[in-house]
Amino acid sequence: MTESTAPRRSYRAPDPGEHLWGASPIYRRTVENFNKAVEVLKLDANVAARLRRPERVLVVSVPVRMDDGHVEVFTGYRVQHNDSCGPYKGGIRYSVDVDLGEVCSLAMQMTWKTALVGLPLGGAKGGVSVDPRMLSYREVQDLTRRYTSEISPIIGPETDIPAPDMGTSERHMAWIMDTYSARQGKLSQGVVTGKPVDVGGSLLRREATGKGVVYCIDEAAKHLGIDVSKTTFAVHGFGNVGSVAALEMAARGAKCVAVADVGGALIDPRGLDVAAIVKYAETHNGTLDGFADGSRVADPLQALYAKCDVLIPAATGNVITGENAHKIDCRILAEGANAPTMVAADTELQNRGVFIIPDVLCNAGGVTVSYFEWVQGGMHFFWSADEIDQRLRSILTTAFARMLEEMKTSGTSTRVAALCLGIKRVDRVMRARGLFA
Ligand SMILES: NC(=O)C1=CN([C@@H]2O[C@H](COP(=O)(O)OP(=O)(O)OC[C@H]3O[C@@H](n4cnc5c(N)ncnc54)[C@H](O)[C@@H]3O)[C@@H](O)[C@H]2O)C=CC1
Ligand SMILES: O=C(O)CCC(=O)C(=O)O
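Keep in mind it's a predicted model, so treat the numbers as computed, not measured. (Residues numbered from 1 in each chain as written. Chains lettered and ligands numbered in written order. Predicted model: local features only at pLDDT ≥ 70, side-chain atom pairs only at ≥ 80, totals over all residues. Heavy atoms only, no water.)

1. Some points on the site of ligand 2
Now for step 1: Around ligand 2, the surrounding shell holds 13 residues, and the nearest of these are Lys-89, Gly-91, Lys-113, Lys-125 and Ser-370.
Now for step 2: Take Lys-89: an N or O atom from its side chain is 2.6 Å from an oxygen atom of ligand 2.
Now for step 3: Taken by itself ligand 2 offers 290 Å² of open surface, and the protein chains cover 96% of this.
Now for step 4: Here the residues of the shell around ligand 2 sort into three nonpolar, five polar and five charged. (Near = heavy atom within 4 Å. Polar contact = N/O pair within 3.5 Å; in protein donor to acceptor, adjacent residues only side chain to side chain. Areas by Shrake-Rupley, 256 points an atom, 1.4 Å probe, with all protein chains shown as cover. Nonpolar A, V, L, I, M, F, W, Y, C, P; charged D, E, K, R; others polar.)

Okay, here's the thing in C-alpha cells:
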C-alpha cells in the first residue's frame, strides 16, 4: 500500500480497541512481536491493520451460587481473533490473571500457531478470572456450565472449538460438551476437544503438548549437535504440560535439576526423581508441597534460574523479563508455556546465543492433537496412539525445519521466523478469499 501525504479523513473516533484490550501490556507485547514479523515480511499495511485486532470479543458475567449460599459473579471472556484458515480454535484458561488483554493476546497467538503447523483452523482463546483452587468441585462445575451457556451463541463444532488451557482439564471439557449439547437438544461432541477418551476424546491429547515440547527439543538438540540423553533440564510449572515434558525428558535419560509449581521450587543439581514427583502431585491435588527430596524454596522462579542445558517454562506468561533474563543459564529455552518471555528478555537471550523454541511452535502439539480429535470425532473412527504419535511428531518436525529455513532466508530469530510462517499463511488465505484484493 502506498501511503498518501494528503490528510486522512477521520472516519471514526480513536480506536476503541485502545480502551478495551490495546492498553494491556501483554497485548502490546504480542503486537510488538507481530510488528517485527510484519517488517520482515513487508506485509501489506491494510492486512496488518486487520490482523492487529481480534475479529470478535465477548465478555460475559458468570454468576455462581457458592457453597456458603452467596452468589459470586465472575467475569469470563471468549475472543475470536481470526478464522481465515478454519473454525476458531483455542483453549480456556481459569486464572486470577485472566483479563481481556491477556485473552486477546493468546487468541492472536493461536492464529499464528494453527497456521504455522498447517492446521485448517483459526485462532481464539477464552478464560475466566478465577482461582479454581479456591472453588469446590460443585462450584467449579457450576461455573463451567454457566460460562458455557454464556458463550454458547458464538461456539460450535464448525465455528469455534474450545479446549483445555491452564486451570482447566478433561473434566471441564466434558462439562462444556454436556452443557452445549443440552442447549442444542442433541449430542455435540465436536464442540470441544481435550475431552476424556470415554466421551469422544482422542488418545494422547492429554500428553500431546508436553510430548510436542520434547519433540521440538529433540530437533533443537539435533540442530545444535547436543545429545539430549546427556542434558540437564529444569521445568517451571508442573501441571499438564510441565509434568509430561519432564517425564519425556527423563525417559530420554536427561537429568532433572529443578521443577516448580505455584507453591515454590524443588531444586537438586544431583537430579530429581521425575516419576516420583509426578506420582506425588497426582495424589496431592496437583501440589508439590511436602515432597521429601530436593530443597524446596518458596519462590517458584528459582527453578528458572537453575543452571541447565534445557529450560522449559510451562506455567504462566511473562516470567522471563528484562529484569531477570541475566539469571537464566541454559542453552535451549523450550517455551511450553504461552508467552513466557518478554520482548526485552527475548533480545538479551538471543544475544547470548540461547536457542529459543518459540511458544507458537514449542507448545503446538496440544492443538495439533486437538485437531486430530476433531477429525476423528467427525469420522467416528479413532486412531491408535502410535498413529497419533507419529502424525504429531511429523507435523512438528516439519514445522521446525521450515522455521530454520525461514530463519536463514529472512536472517531473523526463531521467534520472528515462526511468526512469519504463520502470518504468511493467513495473509495468503485472506487474499485467496478475495479480502484485500
Ligand atoms: N494444556 C495444554 O494443552 C496447553 C497449554 N499451554 C500452555 O502451557 C502452560 C501450562 O498449561 P497447563 O500445563 O495446561 O496448566 P495446568 O493448569 O495443568 O498447570 C499449571 C502449572 O503451573 C503452575 N503454576 C501456576 N502459576 C504459577 C506460577 N506463578 N509460578 C510457577 N508455577 C505456576 C501450577 O501450580 C501448575 O503446576 C500455560 O501457559 C498454557 O497456556 C499451551 C498449549 C497447550
Ligand atoms: O488444543 C487446543 O485447541 C488449544 C490449546 C491452546 O489453548 C494452546 O495451544 O494455547
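2. Brief notes about the environment of Gly-353
Now for step 1: The residue Gly-353 is located in the loop between α10 (343–351) and β12 (355–357) in this model.
Now for step 2: On the basis of relative accessibility, which here comes to 56%, the residue Gly-353 falls in the exposed class.
Now for step 3: When the C-alpha positions of Gly-353 and Arg-331 are compared, they lie 7.6 Å apart, and in sequence the two are 22 residues distant. (Helix = DSSP H or I, 4+ residues; strand = E, 2+ residues; numbered from the N terminus. Buried < 20%, exposed > 50% of the residue type's maximum accessible area, 1.4 Å probe, protein only.)

3. Topic: the side chain of Thr-414
Now for step 1: For Thr-414, the location among the structural elements is in helix α14 (residues 414–432).
Now for step 2: The exposure class of Thr-414 is buried, given its relative accessible area of 7%.
Now for step 3: Among residues more than four places away in sequence, those in contact with Thr-414 are Phe-355, Ile-356, Pro-358, Met-403 and Met-407. (Contact = heavy atoms within 4.5 Å.)

4. Considerations on the sheet that holds strand β10 (residues 310–313)
Now for step 1: Read from one edge to the other, the open sheet built from seven strands follows the order β9-β8-β7-β6-β10-β11-β12, with strand pairing classed as mixed. At either end of the open sheet lies a strand with only one pairing partner, and these are β9 (295–297) and β12. The average undirected angle you get between the axes of adjacent strands in this sheet is 15°.
Now for step 2: Direction of pairing for strand β7 (residues 255–261) relative to strand β8 (residues 264–267): antiparallel, over a ladder of four bridges. Bridge pairing in β8 places Asp-261 opposite Gly-264.
Now for step 3: Helix α8 (residues 240–251) contacts β6 (232–236) and β10 of the sheet and is inclined by roughly 170° relative to β6. (Pairing = 2+ DSSP bridges. Axes fitted to C-alpha atoms, helices over the stretch in contact; angles between N-to-C directions.)

5. Re the domain arrangement of the chain
Now for step 1: Once the domains are mapped, the chain shows domain 1 (17–186) and domain 2 (206–362).
Now for step 2: Centre-to-centre separation of domain 1 and domain 2, based on C-alpha positions: 25 Å.
Now for step 3: Of all residues in domain 1, Arg-29, Gln-109 and Lys-113 give up the largest surface area on contact with domain 2, accounting jointly for 37% of the area buried on that side.
Now for step 4: Our enumeration of links across domain 1 and domain 2 arrives at zero salt bridges. (Domains from an automatic or database assignment. Buried area = accessible area lost by both parts, 1.4 Å probe. Salt bridge = Lys/Arg side-chain N within 4 Å of Asp/Glu carboxyl O.)

6. Quick word on the site of ligand 1
Now for step 1: Close contacts around ligand 1 come from 22 residues, with Arg-93, Asp-165, Thr-209, Ala-315 and Asn-338 the closest.
Now for step 2: Within the contact set of ligand 1, an oxygen atom lies 2.7 Å away from a side-chain nitrogen or oxygen of Thr-209.
Now for step 3: Within the contact set of ligand 1, an oxygen atom lies 3.4 Å away from a backbone nitrogen or oxygen of Gly-336.
Now for step 4: Considered on its own, ligand 1 offers 830 Å² of accessible surface; in the complex 84% of this is hidden by protein.

7. Some words on helix α7 (residues 205–224)
Now for step 1: With 20 residues, α7 extends 29 Å from end C-alpha to end C-alpha; this agrees with the ideal 28 Å at 1.5 Å per step.
Now for step 2: At Lys-211, α7 shows its maximal bend, which comes to roughly 30°.
Now for step 3: Most of α7 is tucked away: 15 of the 20 residues are buried. (Expected span 1.5 Å × (residues − 1). Bend = angle between axes of the 7 residues up to and from the residue.)

8. What about the packing of aromatic side chains?
Now for step 1: Per the counting criterion, the structure on display carries eight aromatic pairs.
Now for step 2: Ring centres 5.4 Å apart and planes at 5° place the aromatic pair Phe-34 and Trp-112 in the stacked group. Of the two residues, Phe-34 is situated in helix α2 (residues 25–41) and Trp-112 in helix α4 (residues 100–116); the sequence distance between them amounts to 78 residues.
Now for step 3: Classification of Phe-34 by relative accessible area gives buried; the value is 0%.
Now for step 4: For the pair Tyr-137 and Trp-175, a centre-to-centre distance of 5.5 Å together with 80° between the ring planes defines the contact as edge-to-face. Separated by 38 residues along the polypeptide, Tyr-137 in helix α5 (residues 137–151) and Trp-175 in helix α6 (residues 170–184) bring together distant segments of the chain. (Phe/Tyr/Trp six-rings, centres within 6.5 Å; stacked < 30°, edge-to-face > 60°.)

9. A closer look at the pairing of strand β2 (residues 71–82)
Now for step 1: Examined bridge by bridge, strand β1 (residues 56–65) and β2 share ten bridges and lie antiparallel to one another. Of the residues in β2, the one forming a bridge with Ser-61 is Thr-75.
Now for step 2: Hairpin geometry of β1 and β2 is characterised by an intervening segment of five residues between the two adjacent antiparallel strands and by a positive phi of about 100° at Gly-69.
Now for step 3: Sheet topology note: the β2/strand β4 (residues 123–129) ladder contains six bridges and is antiparallel. Along β4, the bridge assignment pairs Arg-78 with Gly-126.

10. So, the nonpolar core
Now for step 1: Core analysis: the largest hydrophobic core is formed by 89 residues, its most contacted members being Ile-312 and Ile-357.
Now for step 2: Counting the residues that make up this core, at least three belong to each of domain 1 (17–186) and domain 2 (206–362).
Now for step 3: Setting aside anything within four residues of it in sequence, one finds Ile-312 in contact with Val-213, Ile-217, Ala-234, Val-235, His-236, Ala-245, Met-249 and Ala-334.
Now for step 4: In this structure, Met-66, Val-140, Leu-143 and Ile-155 belong to the second largest nonpolar core, which totals 22 residues. (Core = buried A, V, L, I, M, F, W, Y, C linked by side-chain atoms within 4.5 Å.)

11. Comments concerning the packing of α4 against α14
Now for step 1: At a minimum axis separation of 8 Å, α4 and α14 run at an interaxial angle of 85°. When the interaxial angle is binned, α4 and α14 end up roughly perpendicular. Of the residues in α14, those in contact with Gln-109, Thr-111, Trp-112, Thr-114, Ala-115 and Leu-116 of α4 are Ala-418, Leu-419, Leu-421, Gly-422, Ile-423, Arg-425 and Val-426. (Parallel < 35°, antiparallel > 145°, perpendicular 65-115°, else oblique.)

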